[in-house]
Amino acid sequence: MPPADAPADPGACPASRAGAGTEDTLDLRLTDELLALLAEEAPVPHGGAQETPAPSCGPQDSVLLDRPAEWKPVTTPAGVFQLVPVRPERDLALISRWMNDPAVAAFWELAGAEAVTARHLMPQLDGDGRSVPCLGVLAGVPMSYWEIYRADLDPLARLCRVRPHDTGIHLLIGDVGRRGRGIGTTLLRAVSDLVLDNRPRCTRVVAEPDIRNTPSVSAFLSAGFRYSAEVRLPDKRAALMIRDRAHRDQL
């Protein structure tokens, strides 16, 4: 069994990604009217007057997720960390290599040629911005892969109670040398803090690790998440993990 911060994706939902690809995770269609309404919900600046939001130009400029490309680096006990939205021409080979690590492939089920990883990434990159794939860069080195997504706009919302603007995370640690050192817990806390700091309307960060992956569930608990419920997904039983804004400083 992999350690708590192993490449096993603490928030992975293989049923919603493997085989059929990311299309399943993005199959809740948003009308133009709803997209316009969501865009109008952009955060109000400190001055009080609401600005007209810039139009979304895809995941990197996603209004639905308050523009992860603009989120600033944060200092963690492991070093300076930043989420950098994926660019296939730069990142595909690296992410594909990680996906072919047997410990990663057991959960993500995306082993194979680069085209397999590309088919997973492109529906997100070409989509409406409800899911943003990112590299996790620690001390200047890309070492992890993340997906930040709107849980309330995901099929997960059909299977358990979610709230408006709930934000989900998926993670794998690709750098073998970073595993087994508590890095997973450190980064889970850092990324959930990034979400809460940059998404003022988000009250909860959620994830759904396989309930059998005890080390991953433990990593979430150590990072300030709580176990909420067991959720039956199409091909796994998941532990619904939640980090609440209201209790972020107590856990």
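Residues numbered from 1 in each chain as written. Predicted model: local features only at pLDDT ≥ 70, side-chain atom pairs only at ≥ 80, totals over all residues. Heavy atoms only, no water.

A few points about helix 7 (residues 214-222)
Looking only at helix 7, the buried set comprises Pro215, Ser216, Val217, Ala219 and Phe220. Here the buried face of helix 7 lies against strand 5 (167-173), helix 6 (183-198), strand 6 (204-207) and strand 8 (236-244). Count one or two residues on from helix 7 and you reach glycine 224, which has phi positive near 100 degrees. (Buried < 20%, exposed > 50% of the residue type's maximum accessible area, 1.4 Å probe, protein only. Helix = DSSP H or I, 4+ residues; strand = E, 2+ residues; numbered from the N terminus. Contact = heavy atoms within 4.5 Å.)

A few points about the nonpolar core
Residues Leu83, Trp146, Ile148, Ile169 and Leu188 are the most contacted members of the largest nonpolar core, which totals 30 residues. Breaking this core down by element, the ones donating at least two residues are strand 2 (79-85), strand 3 (131-138), strand 4 (141-150), strand 5, helix 6, strand 6, helix 7 and strand 8. The dominant element in this core, judged by the number of residues it contributes, is helix 6, at seven residues. Once you skip the residues sitting within four places of it in the chain, isoleucine 148 turns out to touch Leu65, Trp71, Leu83, Arg130, Ser131, Val132, Thr167, Gly168, Ile169, Val191 and Val195. Among the nonpolar cores identified, the runner-up in size contains 17 residues, and Trp98, Leu110, Leu121 and Leu135 belong to it. (Core = buried A, V, L, I, M, F, W, Y, C linked by side-chain atoms within 4.5 Å.)

Concerning the confidence of the model for the protein chain
Of all residues in the protein chain, 76% attain a pLDDT of 70 or more, and the chain-wide mean is 81. Here residues 1-57 scores under 50 on pLDDT; set against residues more than four positions off or in separate chains, the count is 135 contacts. (pLDDT = per-residue confidence, 0-100.)

A closer look at the sheet that holds strand 4
In spatial order, the strands read 1-2-3-4-5-6-8-7; together these eight strands make up an open sheet with mixed pairing. Each having just a single partner strand, strand 1 (74-76) and strand 7 (226-233) make up the two edges of the open sheet. The mean inter-strand angle of the sheet, taken between neighbouring strand axes irrespective of direction, is 30 degrees. As paired elements, strand 5 and strand 6 share two bridges and run parallel to each other. Across the sheet, the residue bridging to threonine 167 is valine 205, located in strand 6. Here helix 6 sits on the sheet and contacts strand 1, strand 2, strand 3, strand 4, strand 5, strand 6 and strand 8; the angle it forms with strand 4, its principal contact strand, is near 45 degrees. (Pairing = 2+ DSSP bridges. Axes fitted to C-alpha atoms, helices over the stretch in contact; angles between N-to-C directions.)

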